[in-house]
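# Summary of the model geometry
Chain by chain, the residues run as shown.
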Number of protein chains: 2
Amino acid sequence: MAWWKVSSAGRDVNPDLASERENPSFNVETLTNILDGGVEETRSRRAIVSAINKDPVFSREYLYFKTRSERYEGAVRNTFHLKRKMKEMGLDENSSEIGYVYRALGGEIALNIHNVFMKTINALGTDEQIAKWLPLARNYKILGTYAQTELGHGTYLRGLETTATFDPNTQEFIIDTPKITATKWWPGDLGKTCTHAVVQAQLYSNGMKYGMHPFIVPIRSLEDHSSLPGITVGDIGPKMSFEHIDNGFVMMRNIRIPKENMLSRYSQVLPDGSYVKSGSEKINYFSMIGVRVDMLTREVLEPLMKACTISVRYSTVRRQSELKPGDREPKILDYQTQQQKLLPLVATCYSISFMAKYLEKFYKDSYSEIRKENFNSLPELHALASGIKAFATEICSNGVEVCRKACGGHGYSLYSGLPSLYTKVTASCTYEGENTVLHLQLARFLIKCFAGAQSGRPLPTSIAYLSSPATGNCQARAHGDFLNPEVYLKAYEFRAYSLIASAAHKIQNLLQSGVEQYLAWNSTSVELVKASIAHIHFLTVKIFISALNSLPDQPDLKTSLKRLCDLYALHGIFISAGDFLQHGHLSGKQLDMATTAYLGLLADLRKDAVLLVDAFDYTDEELLSALGTYDGNVYHNLIDWAQKNPENKKVNPVFETYLKPYLQSNQSKL
Amino acid sequence: MAWWKVSSAGRDVNPDLASERENPSFNVETLTNILDGGVEETRSRRAIVSAINKDPVFSREYLYFKTRSERYEGAVRNTFHLKRKMKEMGLDENSSEIGYVYRALGGEIALNIHNVFMKTINALGTDEQIAKWLPLARNYKILGTYAQTELGHGTYLRGLETTATFDPNTQEFIIDTPKITATKWWPGDLGKTCTHAVVQAQLYSNGMKYGMHPFIVPIRSLEDHSSLPGITVGDIGPKMSFEHIDNGFVMMRNIRIPKENMLSRYSQVLPDGSYVKSGSEKINYFSMIGVRVDMLTREVLEPLMKACTISVRYSTVRRQSELKPGDREPKILDYQTQQQKLLPLVATCYSISFMAKYLEKFYKDSYSEIRKENFNSLPELHALASGIKAFATEICSNGVEVCRKACGGHGYSLYSGLPSLYTKVTASCTYEGENTVLHLQLARFLIKCFAGAQSGRPLPTSIAYLSSPATGNCQARAHGDFLNPEVYLKAYEFRAYSLIASAAHKIQNLLQSGVEQYLAWNSTSVELVKASIAHIHFLTVKIFISALNSLPDQPDLKTSLKRLCDLYALHGIFISAGDFLQHGHLSGKQLDMATTAYLGLLADLRKDAVLLVDAFDYTDEELLSALGTYDGNVYHNLIDWAQKNPENKKVNPVFETYLKPYLQSNQSKL
């Protein structure tokens, strides 16, 4: 074996990374437990992740070399293997540990929307419909998808154009995509896999339109998987990521389905075509919010946590350039500019993690209330979930890309793991509601609350500050004052209040000057989005501070997390300084102090950086990154992966066809 | 043929896009000529682009469906076809129209670094070396690459570890990669194609180290393309983009090459091992700057121009949601939030375009001086080119991604053209110098100039304001005052000056308090990067204003471009408000005025948006986007492309293997 052949077995941890873990300033395991929600959760997660990681069928070792078709086939294989595996492990789809299974699989799984298909039937079907369809779906005797988005309409559901027209003569619905823009477009599992779909369509009966309703429509033959008559179905083609998912399109030309295929828990069409509502649809609406709550941790926060782990570890192993003349090249994390890129993002991971827990609790509490027919919390929950989804997806996507670029050229190689994290997480900015639309939904709620507060109405808890806003200017007199959470929390409150109030006043002024309502709203919408962001930003700071207060009594850990909270808050002031200065809450001099405090925290937190990302507790198999392994042997990893590359084991066909005729045309000169 | 089969032939322009082009407020063709640099240039570009677009060999129609290997093979095929084609067209590699050829090819071409190989020999080789190697390379009898970056070192060239040791006994150099981190990593064309490389290595002779020098090293056999003894070479594997390029790695174990293979125009080793310098290496250094100047238009600006074209056109065709109650769904470009995403980016395209022209001229002028052995302008040119590269790559990459997200879900499909633009342009943030490092290079120059100004030394033109900074606060009293270029230019000058001065003072204070120089620099580096950005930002505004003043005498066009310049400047104030407020140049009230002026410009420029991107004059073949075609038939395009998808023409193997056993296990229930 040549001298430069590298063996991956039994390597020591790179001393540059090992030294970061010596004399830790707090107990990393305790922090992991806090993130997991308890010691038992950590144990259970590790057991499951380890079982999945060890199973060779689930191995992602060659993932970055695979074609789209191979990725799809692998994901389908994983899905059916998982079914058996979970039985072995004593888990089923309702187990609370299911999240750990998906975490360990790193997303390489198919039939995800088949699960949404089942959930939808369960939520919107009658008992008879559930009894008929769910056992079939659960045993994969049919494969479903959920078809809502169309070529012409996404977030704006009222604009959907697919129709379902009741024919009382035959007791059937006629499902039709009457225009090209009505083509269902995007549903996962539709492209090459599913046999059935829950299709959302505008219901017509006896000439009346009743809005969007769900219908079960057969798509492909169970016999030979060919598309059924009147159906044109296929894969929409390559996307920025999600190579393993067959997002599809379907056109339906006057497809007849039996009346029983309309999911009728909340509304039905009687044999004579009359339309009857039964019960409240709000619970249905509530489950749409649930999707936005659920996606936060796994789809949005997790990519940022992984990206921080990779880039922070790499930054302690990569040595480059010169800091102190004559000294060894420093670790790049010793550069203030590198700290400024990565440490605020580590803080953001913690912030979003605490916020996700807050939102989950809010959602669960609302659910208990809603089951008692109390829908009071629904507007606040909806508005917050919208704003938080938009805020978190934007900040996490951008953050992953900052981490990637912070790894320089190596961050551009798929081996770093970072490009795949980015191209996937950025999708979350437009799916499950486009972010600008969502911010404007929160803004609408805020403006309404602001008006309510002006007329003395009581406000929901998270918005209560609009009734009694912080007044007066910031009292900080030295940079140390900015390490006081009361000081920066007040600044965030003041900023959110000012932006909401000034948008409300602008709308008010425009209306008073005779501008129409819709124009007044539209010409304030840039400021309304800013106000929505400022509100959520304030909330994240507030939640981070309360999370600090409920920590276990470990002073070392508290010190580090307190610094992280300070950093999160002061970084926000540093990058959005204009908002804090504009209405005079901070003076220019105070901003200087805040900046000094902020830059000081970068230096203080530098030594905890690796510990803070180690606490996320991702295995090397989960990270799938040459730069981010626990042992820090990044250059060996890169060489290993290059040697794994199947392209390097093949003869290059280009040589014979294109190169040889030139290269050999006249060699005598060499 | 089924009713929904869509023919692509002979479609009318979508009326929603056609209406945007009615009654244009200026002559689009004139603007195109300005961007091209003259009427004749436009004509010549169109002729070349059309010839390339029409050639079926160069067709990129199925590009988004291809695997990495297919992309690589296609790019090699294109390269050799292009050689013939250019002969046909009467062009050679030195023709001034060569840029149009590359523009038309959309990057799908191989052997790009083979050109760098030739340029390097031409620049650094002796006349004999040029005479020996260039004809071989020009006729593809050898294929070269340029191997500089290593696994362990990128931007920091002094850290490179590959060695070239002179052996006087045999009159050879011994080329060696003594450590794993010395492995050459990234060079294009190295992975699967090249036979030779210019290798940058640390020169050792008679026990002395002489720094980095270039050597021609044979890599693969001309006979059978196998790697030569002592060479381990291969493809580094998949990247975020550039699927068609075989970036490679090479380890060299004591490879002996003849003494004549050291490129010796500026330095050579004599037979006895003594080292002799001849002439100035500054000219070599100068050509490195040239790469940063050249990349601006084609690699950095062009992706943003294309992304703007696609997203603006799409935004006039996409209708969604409700603005005025009861009205038809509006074009999404009618929403202020959509204007705020796209119009400042259109303005940025023009700004960067004018700046690129400015830098090209500066570069050419310097070149004339340098040929007269006058190197005075080199420090300023180097600093500016560094800062502009960092500024432009960051703003253009981020801008492309904003355009992509502004197209919602459809922006995530490769068919939109936008993901490929992004994944490619973002590489420019880390190649040819990592952006943070480059900003700090400009900052070092600015701090030096600032100190010089304090002691009365004259400063280079672009930095002259540091000698006599704008003083006094902004005089604007109404939002209309912010449409005065003098007002906002002064604000930008004030901001840049303040940030540079305050960083300089901080460093000074730290030094005076006994902090070591390198620590003072490092703990100010976040602020130094901000200062560098502010300087370039100021420069872009200044250059945009001068470009306005040199426009042909067409009042309509001037009005639109003047608005665009205003928008560019006021958008910058809006998003970086803190910098303008902090040192008191603007008051909070004035910021409100600037915001009002800014939002007003969005509305004013809305009607010119399509014209302003039409003027970039990209053909549909160049854009390769279902959302961006000139005719605006986006939904038909998407369906067409889905039908082209080869996956939809294949039988899905997953059905037989995985699905059928489940689906057919018990069908009686359905």
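Quick look at the structure, then. (Residues numbered from 1 in each chain as written. Chains lettered and ligands numbered in written order. Predicted model: local features only at pLDDT ≥ 70, side-chain atom pairs only at ≥ 80, totals over all residues. Heavy atoms only, no water.)

## Things to note about the interface of chain B and chain A
Convention followed: Contacts were defined at the residue level, with two residues in contact if any of their heavy atoms lie within 4.5 Å. Note: buried area is the sum, over both parts, of the accessible area (probe 1.4 Å) each one loses when the two are combined. The salt bridge definition used is simple: a Lys or Arg side-chain nitrogen within 4 Å of an Asp or Glu carboxyl oxygen. The definition of a polar contact used here is a pair of N or O atoms within 3.5 Å, where within protein one atom must be able to donate a hydrogen and the other to accept one, and adjacent residues in sequence count solely through side-chain atom pairs.
Contacts between the two partners involve 141 residues from chain B and, on the opposite side, 141 residues from chain A. Each partner contributes to the roughly 11600 Å² buried at the junction of chain B and chain A, and carbon and sulfur atoms together form 63% of this total. Our count for the contact surface shared by chain B and chain A stands at six salt bridges. For the pair chain B and chain A, the interface holds 60 residue pairs in polar contact (both at pLDDT 80 or more).

## What about the pattern of salt bridges?
All names here are of chain A. Just so we agree on the cut-off: Any residue under 20% of the maximum accessible area for its type is buried, any over 50% is exposed, and the rest in between are partly exposed; the area is computed with a 1.4 Å probe on protein chains only. Where helices and strands are cited, they refer to DSSP runs of H or I of at least four residues and of E of at least two residues respectively, numbered from the N terminus.
The full count for this structure, using the stated rule, is 76 salt bridges over all chains. With a closest N to O distance of 2.8 Å, Arg-45 and Asp-36 form a salt bridge. A residue is classified by how much of its surface remains accessible, and Arg-45, at 2% relative accessible area, is buried. In this structure, Glu-161 engages Lys-179 in a salt bridge whose closest nitrogen and oxygen atoms are separated by 3.2 Å. You can see Glu-161 sitting in the loop between strand E1 (144-147) and strand E2 (163-167) and its partner Lys-179 sitting in the loop between strand E3 (172-176) and strand E4 (184-185), a full 18 residues away along the chain. Connected via shared salt-bridge partners are Glu-29, Asp-36, Arg-45, Arg-46 and Asp-617.

## Some words on the nonpolar core
Let me state the cut-off plainly: Definition of nonpolar core: a set of buried residues of the types Ala, Val, Leu, Ile, Met, Phe, Trp, Tyr and Cys, connected through side-chain atoms within 4.5 Å.
The biggest cluster of nonpolar side chains holds 316 residues, and the ones touching the most others in it are Tyr-350 and Phe-482 of chain A together with Tyr-350 and Phe-482 of chain B. Sequence-distant contacts of Tyr-350 of chain B, that is, excluding residues within four places in its chain, are made with Leu-31, Leu-35, Phe-544, Leu-561, Leu-564, Leu-612, Ala-615 and Phe-616 of chain B. Within the second largest apolar cluster, 28 residues are counted, among which are Val-654 of chain A together with Val-76, Phe-117 and Leu-124 of chain B.

## Topic: the sheet that holds strand E4 (residues 184-185) of chain B
Residues and elements named next belong to chain B. As a reminder, the rule being used: By the convention used here, strands pair only if DSSP detects at least 2 bridges between them.
Taken in spatial order, the three strands make up an open sheet running E4-E8-E7, and their pairing is antiparallel. Strands at the two margins of the open sheet, each flanked by one partner only, are E4 and strand E7 (231-235). Pairing geometry for E4 and strand E8 (residues 248-252), over two bridges, is antiparallel. If you follow Lys-184 over to E8, its bridge partner there is Val-250.

## With respect to the packing of aromatic side chains
Under the convention used in this document: Here a pair means two rings of Phe, Tyr or Trp (six-membered ring of Trp) with centres within 6.5 Å. Their orientation is stacked below 30 degrees between planes, edge-to-face above 60, and tilted elsewhere.
Under the counting rule described, the total for this entry stands at 49 aromatic pairs over all chains. For the ring pair Tyr-412 of chain A and Phe-242 of chain B, a centre distance of 6.3 Å and an interplane angle of 65° mean the geometry is edge-to-face. With Tyr-412 of chain A in the loop between helix H10 (378-406) and helix H11 (418-425) and Phe-242 of chain B in the loop between E7 and E8, this residue pair bridges two chains. For Tyr-412 of chain A, a relative accessible area of 4% puts it in the buried group. An aromatic cluster is built from Tyr-62, Tyr-64, Phe-65, Tyr-415 and Trp-641 of chain A, whose rings are joined through pairwise contacts.

Geometric descriptors of this kind do not, in isolation, establish any biological role.
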